[in-house]
Amino acid sequence: SRLLLLNGPNLNLLGTREPDIYGSQTLNDIEHQLRQQAEQLNLVLDCRQSNAEHQLLEWIHEARTTHVDFILINPGAFTHTSIALRDALAGVAIPFIEVHLSNIHAREAFRKHSYLSDLAVGVICGLGAQGYGLALQAAQQHLQHNS
Ligand code: DQA
């Protein structure tokens, strides 16, 4: 199976960005670990990050043509703002899991609402970088049971 990991705005700053909230691992560290985990599970994983909403939309559209089976996405702040991201994910109809490093429900009120969560297979938040690994594991199970 083919999986796509998308990370949205400011996640390129992981490691130095508010480490008390987001942890000390860099995005490279996280992607490296996830690629290893994917390889062990016999999954093809493509990892991408962008600060631009437009770029994330293009990648989601492209995922349909390249037959991506599952998307793991941490949309960063676009979680709380982007109807366009929601529409793109609904439009390509590729199952996805929403991941957040921090517990968005234990922070500012404006982080409690996500434009994506009700469309997601599931949502993982508050477990730090570990959340990505758990999401990958869940994606594999989902694909096994739905193919
Ligand atoms: C985040 C949570 C968002 O509210 C925030 O804007 C981010 C990161 C997380 O991983 O905890 O950029 O998605």
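An unreviewed UniProt entry annotates the protein chain as 3-dehydroquinate dehydratase originating from Pseudidiomarina fusca. Quoted verbatim from the Catalytic activity (unreviewed entry) heading of the UniProt record, the comment on the protein chain is "3-dehydroquinate = 3-dehydroshikimate + H2O". Quoted verbatim from the Pathway (unreviewed entry) field of the UniProt record, the comment on the protein chain reads "Metabolic intermediate biosynthesis; chorismate biosynthesis; chorismate from D-erythrose 4-phosphate and phosphoenolpyruvate: step 3/7."

*Asks:* Tell me about the packing of helix α2 (residues 27–40) against helix α5 (residues 130–145), residues and numbers included.
*Replies:* Direction vectors running N to C along α2 and α5 enclose 25°, while the axes themselves pass 10 Å from each other. Compared by their axis directions, α2 and α5 come out roughly parallel. Our pair here, α2 against α5, has a crossing hand that is right-handed. Where α2 abuts α5, its residues I30, Q33, L34, Q37 and A38 lie against Y132, G133 and L136. Taken together, the residues of the contact of α2 with α5 break down into 5 nonpolar, 3 polar and no charged.

Rules used in this analysis
Residues numbered from 1 in each chain as written. Predicted model: local features only at pLDDT ≥ 70, side-chain atom pairs only at ≥ 80, totals over all residues. UniProt positions renumbered as here; feature names shortened; annotations may be inferred. Axes fitted to C-alpha atoms, helices over the stretch in contact; angles between N-to-C directions. Helix = DSSP H or I, 4+ residues; strand = E, 2+ residues; numbered from the N terminus. Parallel < 35°, antiparallel > 145°, perpendicular 65-115°, else oblique. Left-handed = near helix turned anticlockwise from the far one by under 90°. Contact = placed C-beta atoms within 7 Å. Nonpolar A, V, L, I, M, F, W, Y, C, P; charged D, E, K, R; others polar.

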